[in-house]
Amino acid sequence: MRDGTRPTRRLRAAVVGGGIGGLAAGCALSRRGIEVTVFEQADALGEIGAGVSIFPNALRQLERMGLGPALAKVGARIGDGSQYCRADGTMVGPVVTADSSGWNGMYGMHRADLLNVLAASLPANAVRAGHRCIGLEQSVTAARLKFANGETAEADVVIAADGIHSVLQKYVVEPKPPEYSGVRAYRGLISREKLPEWREAVHQVWMGDGKHFIVFPVRSGQLLNYVGFVPSQNSTAESWSAIGDRDELASSFDGFDPRVVRLLEMVETCFWWGLYDRRPLQSWTSGRLALLGDAAHAMLPHLGQGACQAIEDGVALAVLLEGKNPVDVPDILPQYEKMRRVRTDVIQAEARKSGLRYDSKYENLEERDREIKNSAAFRRSLFDYDVEEAAVALARLRV
Ligand SMILES: Cc1cc2nc3c(=O)[nH]c(=O)nc-3n(C[C@H](O)[C@H](O)[C@H](O)COP(=O)(O)OP(=O)(O)OC[C@H]3O[C@@H](n4cnc5c(N)ncnc54)[C@H](O)[C@@H]3O)c2cc1C
């Protein structure tokens, strides 16, 4: 049977990876009637103790999935007054936090809070922890996953949401290591009570010479998330368990705006992480396998869009797969890839450019400041995009 005919049974999706991308895809797929199992290698779902910004393009989709009230409880709304500053604290311009309609759909979230909200909205028993995927086989009729614990699982479609070091990526493209950016990110959380004078509900960026610093609130504003981006040739730490040296972090931002210096005096512990991305992959899909999130389009964090784009990927897949027959899957997945990469290829490149601006890699800083101001239009267009609407339009064309 082909596209357009009534499905004989529910489509079965196996999502590999229970991070933000995998769980959001699970929610989107199950909302559209697809049977979902999420396989996570860790023994329990979990995220690192750090923040993530959820911008209007992603929040719009999460709210449509019915997650609005749960997110409102744990998110920290971010809006007007958000700003880009020079290292000394003088303002360059506002950080856009709303779409063109003025909807200020932006939260700072503790990653674990976001993961909990997503996991709670999945059907019972949809998540199988302790399942490290080690291989994939495909036939004309199905795909079969192998796990390190000896188990196997069969599905009509496999979604690889297993991150930048995806094990499933090699079934789609020739394996290549990700590219190191030359930048290390130190991050952590500080109780808001320690900095009672800190401005509320804003996202702030301080741009220095070769480094930058970001702060925004998470967990209903009870915590402040900070990230210090500094140059480093040491690219080895790729794990959040790498404990950062708080003195090294503080000394990197010596002479910055006194607000930054004061915040750093309060830091007790922090983590660090080498920042990597990839250039756009040649392909995202093969047969019944589709890459999603960082597995498909690992990007630098300077637009705050990695997780947001992963959320969009899941919605696009869910719309395109809804009501389809297992036999149709290999024809549908390339449509997903084509539709998504028009957007993510651009965002991957723009994230690199944003990093150069924030690190002041310009001979003439006035040009940097002009670009920052002009980037407002790009950010608004980023936030206006409605992936569900775009995928529904594409699905209609295909019927
Ligand atoms: C400093 C920094 C700041 C950022 N800030 C933002 C931001 O503000 N906004 C934003 O949108 N994005 C941000 N990002 C990017 C964002 O964190 C990532 O793009 C996003 O988390 C990717 O989600 P994912 O689910 O694709 O991958 P991951 O989060 O890497 O999840 C992959 C999951 O797969 C599991 N897994 C891996 N291998 C296997 C296997 N073989 N079998 C089973 N499970 C497996 C892992 O355990 C993990 O749970 C930031 C990134 C960094 C580094």
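In short, a report on the structure.

Reading the values: rules and limits
- Residues numbered from 1 in each chain as written.
- Predicted model: local features only at pLDDT ≥ 70, side-chain atom pairs only at ≥ 80, totals over all residues.
- Heavy atoms only, no water.
- 1 Å grid on protein atoms, 1.4 Å probe; cavity = no way out; pocket = protein on both sides within 12 Å on 5 of 7 lines; lining within 4 Å.
- Points joined across faces, edges and corners; volume = space filled by probe spheres on them.
- Helix = DSSP H or I, 4+ residues; strand = E, 2+ residues; numbered from the N terminus.
- Nonpolar A, V, L, I, M, F, W, Y, C, P; charged D, E, K, R; others polar.
- Near = heavy atom within 4 Å.
- Polar contact = N/O pair within 3.5 Å; in protein donor to acceptor, adjacent residues only side chain to side chain.
- Buried < 20%, exposed > 50% of the residue type's maximum accessible area, 1.4 Å probe, protein only.
- Pairing = 2+ DSSP bridges.
- Salt bridge = Lys/Arg side-chain N within 4 Å of Asp/Glu carboxyl O.
- Expected span 1.5 Å × (residues − 1).
- Arc of directions from axis to C-beta.
- Contact = heavy atoms within 4.5 Å.

This part covers empty space enclosed by the protein. As enumerated under the stated definition, the model contains three cavities of 30 Å³ or more in all. Taken as a whole, the largest cavity holds about 60 Å³ of empty space. Around the largest cavity, the lining residues are Tyr 84, Leu 303, Glu 350, Ser 354, Arg 357, Tyr 358, Ile 372, Ser 375, Phe 378 and Arg 379. Listed by contribution, the elements that provide at least two residues to the lining of the largest cavity are helix H8 (329–358) and helix H9 (365–384). Split by residue class, the lining of the largest cavity holds five nonpolar, two polar and three charged. Approximately 50 Å³ is the volume found for the second largest cavity. Every residue along the wall of the second largest cavity is listed here: Ala 28, Arg 31, Arg 32, Gln 61, Arg 64, Met 65, Val 315, Ala 318, Val 319 and Glu 388. Its residues assigned to classes, the lining of the second largest cavity comprises five nonpolar, one polar and four charged.

The subject of this paragraph is the site of the ligand. Around the ligand there are 32 residues in total, and Gly 21, Glu 40, Ser 53, Arg 111 and Asp 294 lie nearest to it. In this structure, an oxygen atom belonging to the ligand sits 3.1 Å away from a side-chain N or O atom of Gln 41. Taking Arg 111, its side chain carries an N or O atom lying 2.8 Å from an oxygen atom of the ligand. Sorting the residues of the shell around the ligand by element identifies helix H1 (20–31), strand E3 (51–54), strand E18 (270–277) and helix H7 (306–321) as the ones contributing at least two each. Taken together, the residues that form the shell around the ligand break down as twelve nonpolar, 13 polar and seven charged.

Here the focus is the pairing of strand E11 (residues 152–155). Side chains Ala 153 and Ala 155 of E11 all project onto a buried face; the interleaved residues Thr 152 and Glu 154 project onto a face where none is buried. Strand direction decides the pairing type here: strand E10 (residues 143–147) and E11, joined by four bridges, are antiparallel. Of the residues in E11, the one forming a bridge with Lys 146 is Thr 152. Between E10 and E11, which follow one another and run antiparallel, lie four residues, and Gly 150 among them has a positive phi close to 95°.

A few words now on the sheet that holds strand E1 (residues 12–16). Two strands in a sheet stick together by hydrogen bonds in their backbones, pointing the same way (parallel) or opposite ways (antiparallel). With mixed pairing, six strands are arranged side by side in an open sheet as E8-E2-E1-E12-E20-E19. Only two strands of the sheet have a single neighbouring strand rather than two, namely strand E8 (127–128) and strand E19 (285–286). Pairing between strand E2 (residues 35–39) and E8: two bridges, direction parallel. Bridging from a neighbouring strand, Val 38 pairs with Val 127 of E8.

Working definition: two side chains of opposite charge can pair if their charged atoms are close together. Tallying each qualifying case throughout the model produces 32 salt bridges. As a salt-bridge pair, Arg 9 and Asp 156 come within 2.9 Å of each other at their nearest N and O atoms. Remark: Asp 156 occurs in the loop between E11 and strand E12 (157–160) and Arg 9 occurs in the segment before E1; sequence separation between them is 147 residues. Residue class for Arg 9 comes out partly exposed when judged on its relative accessible area of 36%. A salt bridge links Arg 144 to Glu 154; the shortest N-O distance between them is 3.5 Å. One end of the pair, Arg 144, is in strand E10; the other, Glu 154, is in strand E11, and ten residues separate them in sequence. Here the salt bridges do not stand alone but share partners, grouping Arg 31, Arg 32, Arg 64, Glu 322, Asp 386 and Glu 388 into one network.

Turning next to the pairing of strand E16 (residues 223–231). Within E16, eight of the nine residues are buried, which leaves the element mostly enclosed by the surrounding structure. Pairing analysis gives nine bridges linking strand E13 (residues 179–191) to E16, with the strands arranged antiparallel. Residue pairing across strands places Arg 187 opposite Val 227, the latter belonging to E16. The pairing of strand E15 (residues 212–218) with E16 spans seven bridges and is antiparallel. Bridge pairing links Pro 217 to Leu 224 in E16. What sits between the antiparallel neighbours E15 and E16 is a turn of four residues, in which Arg 219 has the positive phi angle 45°.

This brings us to the layout of surface pockets. If you roll a probe as big as a water molecule over the atoms, it shows you where there is empty space left. A volume near 280 Å³ is recorded for the second largest pocket. Of the residues belonging to the lining of the second largest pocket, the class tally is five nonpolar, two polar and five charged.

Before going further, it helps to examine helix H10 (residues 387–398). Along its twelve residues, H10 runs 17 Å from first to last C-alpha, staying within 8% of the 16 Å computed at 1.5 Å per residue. All of the buried residues along H10 are Val 387, Glu 388, Ala 391, Leu 394 and Ala 395. End-on view of H10: buried residues confined to an arc of 130°, all on one side of the axis. Away from its buried face by more than 90 degrees, H10 exposes Glu 389, Arg 396 and Leu 397. The elements touched by buried residues of H10 are H1, helix H2 (56–74), H7 and H8. N-capping of H10 is provided by Asp 386, with a side-chain oxygen placed 3.2 Å from the backbone N of Glu 388.

Moving on, we come to the sheet that holds strand E7 (residues 107–110). In spatial order, the strands read E3-E7-E4; together these three strands make up an open sheet with antiparallel pairing. Each of the sheet's edge strands pairs with one partner strand only, and the pair in question is E3 and strand E4 (76–77). Looking at chain direction, E3 and E7 are connected through four bridges and run antiparallel. Opposite Val 52, over in E7, you have Met 109 as the bridge partner.

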